Structure formats: structure tokens, C-alpha cells
Amino acid sequence: GESVGLHLPTLSVQEGDNSIINCAYSNSASDYFIWYKQESGKGPQFIIDIRSNMDKRQGQRVTVLLNKTVKHLSLQIAATQPGDSAVYFCAENGNQFYFGTGTSLTVIP
Amino acid sequence: EPEVTQTPSHQVTQMGQEVILRCVPISNHLYFYWYRQILGQKVEFLVSFYNNEISEKSEIFDDQFSVERPDGSNFTLKIRSTKLEDSAMYFCASLHARQGSAFFGQGTRLTVV
């Protein structure tokens, strides 16, 4: 069936460095994508979204890139901070949200 | 800031017992969801609810599961006869418009013993 998945399950970065988290999706009909952050013991929190008519969207310290040709999403976090340590999920909004497996980001002080 | 609230935060139940997990979505939202997350795994879709009926459900959402919006504010998930494998975090989410970001509650940790 259709799936949203992530390339890497874990990522460790030094505080202050930039982080890049990747996501592959297989439903070519998906037209809306979201990145969520999930801290331990909490529900997913919205970070940033992008519609399929865009290639790039920037937020505060975060950028999402969408490559529809290869069905790939990435989340870039600039100047990663310890508070960014969490699991990051990409999700696509079809009739409901399909979540990817998640990447656990650890920021090393 | 409006938020989705879930109660209880933790529920322990005996296998075979019925549980009801409660959610209060954001008040002007129209779409409601239940998800579950088994420890260390991804968030899995269970069911979506719109216009007072189920709009979509996953294969996880079998006859043991049901949802209700009894009074226009609460949104409940009932598991009729819990199994050990139902132990998980259950998240409620709500959405205002058809496309947009869903807002998630903090979850209910269900432990079946």
C-alpha cells in the first residue's frame, strides 16, 4: 500500500550545526505534507507544512524542501539546539494523515 | 492558545475490560481523529470522524473499537474488550479545514495487564 517512510531512524548533531531529516513518500497524489515534532511523552506538534505546488517553505529556523520528482521531503533545522532533540515525523494529508516511521534527533551539547 | 485535551493521561485496565478514552477537540474544528503509537513505533492512524460519522478507518480499527461524539464537544474512543496488544499511547487530533495541520492532544497511555 501507500507509505511514507524515513531514510534514517536516528541522527546525532552537534549543537549549533544544521540538521537535515529526510522523508520519502510513495503516494504521488498527495498534495499536502507536514512535519511534526514529538518530544518524549507528548503528542506530535506541528512544525511546518508545504503544499505540492511549492518546492520550499521557510519558517523560523526550519525549512522544508519538497522534491515531487523523486517524492522526497526534507526538514532542515538551522543552528540546532538541545531543545530540538525529539522524534520528527513527516506526514501526508490524504484523507487522513499518514505518518512516516520517524527520525530521532539527538543534539549533542 | 486552544488545545486538544485528553483524559485520562494514563489508564491501566485488565485484559477483557472495556475502556473509554476521552478527548475534547478544539471547539471550531470539524474533523476528528484517533491515532495510536505503540512504544518506540510510529504513529498509526485508527479512525477519522466528520459530520457525526466515521469517514475512514484503518484495519486496526476492528469491531472492538468504536467512536462517538455524544454531546458536540467530547470525542471518545471505546475499546470493548481490551487485549494486551492494545497497550499503547492513544492520540486524539482535530482539524479545522479539510487541508491543514491537525492538532494533537497529549495522549492517553493505555496499559492492559
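Please refer to the structure placed before this passage.
Calculation rules
Residues numbered from 1 in each chain as written. Chains lettered and ligands numbered in written order. Predicted model: local features only at pLDDT ≥ 70, side-chain atom pairs only at ≥ 80, totals over all residues. Heavy atoms only, no water. Contact = heavy atoms within 4.5 Å. Buried area = accessible area lost by both parts, 1.4 Å probe. Salt bridge = Lys/Arg side-chain N within 4 Å of Asp/Glu carboxyl O. Polar contact = N/O pair within 3.5 Å; in protein donor to acceptor, adjacent residues only side chain to side chain. Helix = DSSP H or I, 4+ residues; strand = E, 2+ residues; numbered from the N terminus. Nonpolar A, V, L, I, M, F, W, Y, C, P; charged D, E, K, R; others polar. Buried < 20%, exposed > 50% of the residue type's maximum accessible area, 1.4 Å probe, protein only.

(A) Summary view of the interface of chain A and chain B. Taken together, the contact pairs 21 residues of chain A with 17 residues of chain B. Across the chain A to chain B interface the summed buried area is about 1700 Å²; carbon plus sulfur atoms make up 47%. At the junction of chain A with chain B, the criterion picks out zero salt bridges. Counting the contacts that link chain A with chain B gives two residue pairs in polar contact (both at pLDDT 80 or more). Of all the secondary structure elements, the ones that give two or more residues to the side of chain A that touches chain B are β4 (32-38), β5 (45-51), β9 (86-93) and β10 (97-99) of chain A. The element contributing the most residues to the side of chain A that touches chain B is β4(A), with four residues. Class assignment of the residues belonging to the side of chain A that touches chain B gives a composition of nine nonpolar, nine polar and three charged.

(B) Broad picture of the pattern of salt bridges. All names here are of chain A. Summed over all chains, the structure comprises five salt bridges over all chains. Between D49 and R57 there is a salt bridge whose closest N-O contact spans 2.2 Å. The exposure class of D49 is buried, given its relative accessible area of 12%.

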